[in-house]
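A closer look at the structure
Residues per chain, in single letters:
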Amino acid sequence: MASMTPYTKFPYIPDLSRVFSYYCQIVNSEYDSEMENDIYYRFLFDNNFLQVSGSIVEPSGSFDLADESTRERSFLSYLNSLDDTRLITESIGDNGKSLDELTSSLEDKIAPNDIYVILSWLEHLNQVKYKEDKYVLTNDIAEDLENRESIYPLNYKETLDISEDKFSVFEYLRKIKSGKIKMNPDFQRNVVWKPRQKSRFIESTILQIPIPPFYMKRRSDGSLVIIDGLQRTTALSEYLNNEFALCDLEALSELNDKTFHDLEEWDSTVSTKIEDKQLMFYILGTSVPMVAVYDIFNRINTGGTRLERQEVRNCVFIGNATAFLKRIVDAETFKKAIDGGISDNRMKAREAILRCIAFVVQPVSSYQGSIDEFLEKAMKKLNAMSSIEIGDLERKTLQTFDLTYEFFGKTNFRIPGRNTRGRINVAVMEVIFNCFWEKESSDFPKKSIVVRSFENLLKDNAFLDSFRISTSSKNGVKTRFELAHQYLDYDK
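Here's what I pulled together on the structure shown here. Predicted model only: the values in this text are computed from it and were never measured. Think of each chain on its own: its residues are numbered from 1, step by step along the sequence as written. Predicted model: local features are reported for residues with pLDDT of at least 70 only, side-chain atom pairs are reported and counted for 80 or more only, and whole-chain, interface and lining totals are derived from all residues. Water and hydrogen atoms were dropped before computing side-chain values, which therefore reflect all heavy atoms in the structure.

**Thoughts on the pairing of strand β2 (residues 56–59)**
Only strands that DSSP links by at least two bridges are regarded as paired with each other. The numbering of helices and of strands both runs from the N terminus, where a helix is a DSSP run of H or I of at least 4 residues and a strand a run of E of at least 2. Two strands pair when backbone bridges link them, and strand β1 (residues 50–53) and β2 are joined in this way by four bridges, in the antiparallel orientation. Bridge pairing in β2 links Ser53 to Ile56. A loop of two residues connects β1 with β2, the two strands running antiparallel in sequence, and Gly54 in this loop sits at a positive phi of about 70°.

**Thoughts on helix α20 (residues 447–457)**
If you check which residues of α20 are buried, you get Val450, Ser453, Phe454 and Leu457. The buried side chains of α20 occupy one side of the element, clustering within an arc of 100° when seen end-on. Throughout, exposure labels follow a simple rule: accessible area from a 1.4 Å probe, protein chains only, divided by the maximum for the residue type, with under 20% read as buried, over 50% as exposed, and the rest as partly exposed. Working note: the arc is built from the helix axis to C-beta atom directions.

**Brief notes about the environment of Gln368**
Relative to the elements of secondary structure, Gln368 occurs in the loop between α16 (348–361) and α17 (371–383). Counted as a polar contact is a pair of N or O atoms within 3.5 Å, where, for protein atoms, one must be capable of donating a hydrogen and the other of accepting one, and residues adjacent in sequence contribute only when both atoms are in side chains. A polar contact is formed between the side chain of Gln368 and the side chain of Lys474, at a distance of 3.4 Å.

**As for the packing of helix α19 (residues 426–436) against helix α22 (residues 474–488)**
Interaxial angle, 0 to 180 degrees, is taken between N-to-C directions of lines fitted to C-alpha atoms, where a helix line uses only the stretch in contact. Relative to each other, α19 and α22 sit at 50°, their axes nearing to 9 Å. The orientation of α19 relative to α22 falls into the category oblique. As for how α19 packs across α22, the hand of that crossing is right-handed. Contacts between α19 and α22 involve Ala427, Glu430, Val431, Ile432, Asn434 and Cys435 on the former and, on the latter, Arg480, Phe481, Ala484, His485 and Leu488. Residues were grouped as follows: Ala, Val, Leu, Ile, Met, Phe, Trp, Tyr, Cys and Pro as nonpolar; Asp, Glu, Lys and Arg as charged; and all remaining residues, including Gly, as polar. For the contact of α19 with α22, a count of residues per class yields seven nonpolar, two polar and two charged. Angles below 35 degrees are treated as roughly parallel, those above 145 as roughly antiparallel, those between 65 and 115 as roughly perpendicular, and all remaining angles as oblique. Whether a crossing is left-handed or right-handed is set by the direction in which the near helix is turned from the far one by less than a right angle, anticlockwise for left-handed and clockwise for right-handed. Whether two residues touch is decided by their heavy atoms; if any such pair falls within 4.5 Å, the residues are in contact.

**Some points on the nonpolar core**
Think of a nonpolar core as a cluster: buried Ala, Val, Leu, Ile, Met, Phe, Trp, Tyr and Cys residues, connected wherever their side-chain atoms sit within 4.5 Å. Formed by 72 residues in total, the largest nonpolar core has its most connected members in Phe334, Leu382, Met429, Ile432 and Phe436. In terms of residues, this core owes the most to one element, α16, which gives nine residues. In contact with Phe334, other than residues within four places in its own chain, are Ile328, Val329, Ala349, Ile353, Leu398, Phe401 and Met429. Counting residues in each nonpolar core, the second largest holds 41 residues, with Leu50, Leu79, Val117 and Ile388 among its members.

**With respect to the side chain of Glu203**
Locating Glu203 in the fold gives a position in helix α8 (residues 195–206). Only four residue types enter the tally: Lys and Arg on the positive side, Asp and Glu on the negative side; His and the chain ends are excluded. Only one rule defines a salt bridge in this text: a Lys or Arg side-chain nitrogen within 4 Å of an Asp or Glu carboxyl oxygen. Although Glu203 is buried, it forms no salt bridge, and the closest oppositely charged side chain is Arg200 at an N-O distance of 4.6 Å. The residues touching Glu203, leaving out its near neighbours within four places in the chain, are Leu249, Glu250, Ala251 and Leu252.

**Observations concerning the packing of aromatic side chains**
Any two of the Phe, Tyr and Trp rings considered here, Trp counted by its six-membered ring, make a pair once their centres fall within 6.5 Å; the pair's planes then place it as stacked at under 30 degrees, edge-to-face at over 60, or tilted in between. As enumerated under the stated definition, the model contains 36 aromatic pairs in all. Between Phe10 and Trp121 the ring centres are 5.3 Å apart and the planes differ by 65°, which places this aromatic pair in the edge-to-face class. Remark: Trp121 occurs in helix α6 (residues 112–124) and Phe10 occurs in the segment before α1 (16–26); sequence separation between them is 111 residues. Side by side, Phe10 and Trp121 carry an identical accessibility label, which is buried.

**Examining the pattern of salt bridges**
Opposite charge on two side chains allows them to pair when their charged atoms are near. Counted under the stated rule, the structure contains 21 salt bridges. Across the salt bridge formed by Arg421 and Asp339, the nearest N and O atoms sit 2.6 Å from each other. One end of the pair, Arg421, is in the loop between β10 (414–415) and β11 (423–424); the other, Asp339, is in the loop between α15 (332–338) and α16, with 82 residues separating them in the sequence. When the shortest N-O distance is used, the salt bridge between Glu373 and Lys377 registers 3.3 Å. Within this pair, Glu373 and its partner Lys377 are both found in helix α17, separated by four residues, close to a single helical turn. On the basis of relative accessible area, Lys377 is assigned to the partly exposed category, the value being 43%.

Next up, the structure:
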């Protein structure tokens, strides 16, 4: 006899922070029957987080989520009371399991939807981690959730926490190898040093010529992230690992064609000079605000090319956000949607994607006039998502880019010129992406009507002024999104 498919117990609500937010919105408020139609509210009532007393919504007394300092522990208690949680953690076991392996092993016990949701909640609560395509149990199940620290830049202080330190080249590379200092391989600024540049830098270390300082940002897990000095670090690492030979040297021409191993055999005092070379580091503490980080890096110019803000963000906010942006920018769907309209040189394409995503993972109404702050908050939000949520976001993002291309083709996100298709305008891209988010072709009339609506939008002076005169102002952004939805939202 074939086993029955398990029924779905939960709505699809993997975002635990949203569960908490809904709870706080509704608790101690007057009951409204419209709440019955919302999946988050329904979950809170059905699972005894909330109850109605008279006409007031009150905590049920079982699990209180109102107190920010204890809500995660309270929700974990709820999760641990579920048989499905036990089955999932037991199935993960000591060796971990991929999502496919989990759903397969539990196919006759738990509906796939519930596995996704519970996994996402457990990941939010740091009870499981997604590592190398597998879910693994954390080693600190009893971790004090109330005192868990944010992993990103925190409060501004009047005196900036910037310290100086010195390491030898040998010490520096050892710290990188041990993971104490992190090199983001995705952060290459699309400007890779040629062998001649690497060689001349190595020559400078041998000649004991002063080298500009390196800049790093401290994360609150104690690790350091290289923000400025990556090309020099790469040159040192590659040379000491015998990955290239010196070339085009003039001051020390006798060293041309020699690898580091060759130097050690030829004259160990020369190789020792490289390893013993002292490097200066400026370390920005966790409390240094991003606005200060940008300002600092606008003032330095160690490699002839100043850092763009997205390049800095990409270092500071390493995690889900940076990996997500990398996958989207490399996806053929995205490349087709922009048709060569934005280069990712200096991470311009990634910033454009982030701007689109920022306005769907955060309400437009929350924008307060600083695009940098808004994008930083979006990257933090992405980094706080579970792997399930990131997967959902990636799928929806690519579907949205594909849908916009379906309607606008090679003129996608562009303001046409008199005789050309025009260039991509990121402000236009943001609002078109927003209007098509979580939509399907059937939500729109035929293509010619949508194209005509877009053309009319581009004739609206208020819309044009919203990004030509006040691109990043609070009112400009509000006006831009409101007008775009007026022109491009259709009633079925």
